[in-house]
Amino acid sequence: MELFVGKILPYVTVAILLGGITWRIWRWMIGRIVHNITLAPFPSSWGAAVAWILWQIVSFWNIFKFDKPLWVGAWPMHVALVSIFGGHVLGIATLGSQFHLLLPWIVTEAQSEAASNALGTTFGLIFLVALLYLLYRRFAVEKVRVISAPSDYLHLLLLIVIVGVGDYMRLFHAVAVEYLAARDFMLGLILFHPGPMPVIHETGLMNWYFFVHFLAVQIMLIIFPFSKLMHPFGILWNRWIYNRPYPEPPMGMPGVKLKL
Amino acid sequence: MPKKIVKGQELSQPARASARVLKRLYVREVPDEHKPAEALKWLDYYRKDRRSLVMAMESCVKCGVCANECHAYLGTKDPNNIPAGRADLMRKVYKRYFTVQGRLFGNLVGAEEITMDTLEKWYSYYYQCTECRRCGHVCPFGIDTCEVTMAGREILWGIGMVPDLQGAASAAVYERGNQGNMTKQALIETHDFLSDEIEEERGLRMEFPVDKPNSDILYVPSSADYLLNPETLKGACQFFEYVGANWTISSHMTEAGNFGLLTEQHSVQRELVERLWRTVAELGIKKIVFGECGHGWRAWKMYTPSLTDYAIAGAGYDYHKRVPIVHVHDEVAAYVKLGKLKLNPRDNRLVPVGQSVTLHDPCNYCRACNLIQNLRVNLYASVPEVREMTPNGEKNFCCGGGSAVLYDDPEMFELRGKFSLKKVAQIKATEADILCAPCSICKAQFYGILHEYHHLDIPINGLIDFVGAALVFKGHRQI
């Protein structure tokens, strides 16, 4: 079990993830943008169009404008997700000293690790609460319930499992995984020399919380290219069609007596 | 048409075109047992052809923002009228046949086999969508359900499921170049009648030139103007006379609308585009000015350049750039902004003293064609008082008849009434005396629905009507 999930599956996961994303985007690119179907008011230039797309991505502006109860859950959820993703990459790679490396003359290594822990716990909890709220919304709000498929709930549940276990490890130090143990394990995978999974240091036994966390993340990454989880790429490809400038023809009619 | 019942659910559907109409459209109806397979082939074709359709099929996360922003759902509370739900009618089939997850875990991701029931549902709900693009405007991903509706309608067209209204109008386009099936004689007679009216009102005769060779400007009115909105024709005529244009109307191509955009872009929409360019070459036109028609203006402004993918009269590669296509309101607004038109809003025949006008922004003008500001420039200059609706501009709600959902069958008429509930509430809230709807379909919807369904007795006019009536001609009286 540990051999498969910890040493074999990660390579399969990454292959499926990268290959799947490429394949899916390749499929999107088969169709042409046949006509200019940009949405008015038209952006004045490509720069304005790209700025508008980025603004939509950063602020979830349309959700904020048209559905505030959703924005309250969706925006914090995604901010927490991005922060946690960044925290995992940077925190594990630098052993929690990412803020020290960024501002070495202001933040000490100990302070950096404390900040990393505090931010991780905060965003982890925000993430969990927001996900539970979104799940509740999917059940409770009729307009969303009637268009939901079973997979829409399962995606949320999968994320809740990942975050729930992650938060548990963070809050209960007995089952926590230290930065060093996590880095060694990840480094082993990256260098194609996979080592054993982190253990519970008091007992030296297999850390099943980490196992579940790691497995659930891999399941998520495997289904990522084949589900609506692709939407961070989808928004770029879709808005590229709908947010683009349109050159207006000049005004003034030929041969008129009353000229412009 | 009797109601279809699919899995215990009653479906409202528009009346189907007869075999005779289909023949005039060069469409062969596929037998029922082959329809699902044939429809699937078309779906495969469109998904490979149009990125907008693929993205709509693959990007939705079912967040539900679109639901309460769609007038059709607000009016009917039917889950299939939620834009995401309406697209899901096609997405379920798409998932089942064209995605990994749908093939492996069909039920889990909500994939479904295509059957005749599916197609009956498509025929019902894709003709309840008015292609107003409000869902595209509010969607966080910018998914435009209009593209799904268009593809759905084209697939249905391909297997011979065509509504009588769109079918008959398109057949008329093939035969006469306009959706009203008017002959050249009918045009000329209407023009004479309108010239007489203008003479009576202004003491000044203005003619409507038809097929005049060597004209600089081709004015393309909506054919509905001849049947329903004569003031719109008069308004445009007075504007052209005021600026002293060398203009004409073509009897070969008398249609600012283009139902092809809404139901069949390959044949019907192209037919009118070809007719337009042939007219341009024949009459030596230098600029084309389009009249009031919402979806039509979108078809001409946004689609003509990409549909002009062939050489016209040896004129070269970018003909559409050398003969620009503009909207009459853009031209009028250019004059108004420079103060070159003498308009007297206080002496407007169509707006009696003390009355106010509210503007309904046609969806295709405000969300597809960037005409929001210019409509206002013209309206504020021509009438004494304007009362804006909320929301307006690009956030405006559809009239409920968009994309020619103008069916008269009892249950579809009922639905049209429900679709317009939001709009009627908006109009009532302004307490305006006159409604300005610068789009032929909006006008047709309002004539039928406001007066007969909601019993809201309010005069309805286009925008160029007000401009024409407010123009002050030197030395001529204004009534």
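A brief look at the structure comes next. Fair warning: this is a prediction, and the values are worked out from it, not measured in the lab.

Thresholds applied
- Residues numbered from 1 in each chain as written.
- Chains lettered and ligands numbered in written order.
- Predicted model: local features only at pLDDT ≥ 70, side-chain atom pairs only at ≥ 80, totals over all residues.
- Heavy atoms only, no water.
- Pairing = 2+ DSSP bridges.
- Helix = DSSP H or I, 4+ residues; strand = E, 2+ residues; numbered from the N terminus.
- Core = buried A, V, L, I, M, F, W, Y, C linked by side-chain atoms within 4.5 Å.
- Buried < 20%, exposed > 50% of the residue type's maximum accessible area, 1.4 Å probe, protein only.
- Contact = heavy atoms within 4.5 Å.
- Buried area = accessible area lost by both parts, 1.4 Å probe.
- Salt bridge = Lys/Arg side-chain N within 4 Å of Asp/Glu carboxyl O.
- Polar contact = N/O pair within 3.5 Å; in protein donor to acceptor, adjacent residues only side chain to side chain.
- Nonpolar A, V, L, I, M, F, W, Y, C, P; charged D, E, K, R; others polar.

Turning next to the sheet that holds strand β4 (residues 247-248) of chain B. All names here are of chain B. Read across the sheet, 4 strands follow the order β4-β3-β5-β6 without closing on themselves; strand pairing throughout is parallel. Here the strands that pair on one side only, and so sit at the sheet edges, are β4 and β6 (325-327). Two elements, strand β3 (residues 217-220) and strand β5 (residues 287-290), share 4 bridges in a ladder whose sense is parallel. Looking at the pairing, Leu 218 lines up with Ile 288 of β5.

Inside soluble globular proteins, nonpolar side chains tend to come together where they are buried. Residue and element names in this part refer to chain B. With 160 residues, the main nonpolar core has Met 90, Leu 276 and Ile 288 as its most contacted residues. Leu 276 has contacts with Leu 218, Val 220, Met 253, Ile 288, Phe 290, Trp 300 and Ile 325, leaving out every residue within four places of it along the chain. Judged by nonpolar contacts, the second largest core, of 35 residues, contains Met 182, Phe 208, Leu 233 and Leu 341.

Moving on: the interface of chain A and chain B. Taken together, the contacts link 60 residues of chain A with 82 residues of chain B. With both sides pooled, the region where chain A packs onto chain B buries about 6000 Å², and carbon together with sulfur makes up 60% of that total. On the chain A side of the contact with chain B, Phe 66, Ile 147 and Met 253 of chain A bury the most area, a combined 12% of that side's loss. Applying the counting rule to chain A against chain B returns 5 salt bridges. A salt bridge links Arg 27 of chain A to Glu 58 of chain B; its shortest N-O distance comes to 2.6 Å. Viewed at the interface, chain B and chain A are joined by 39 residue pairs in polar contact (both at pLDDT 80 or more). For the side of chain A that touches chain B, the secondary-structure elements that each account for two or more residues are α1 (2-28), α3 (61-66), α6 (109-140), α7 (142-145), α8 (150-171) and α11 (231-242) of chain A. It is α11 of chain A that contributes the most residues to the side of chain A that touches chain B, 8 residues altogether. Tallied by class, residues from the side of chain A that touches chain B come to 34 nonpolar, 13 polar and 13 charged.

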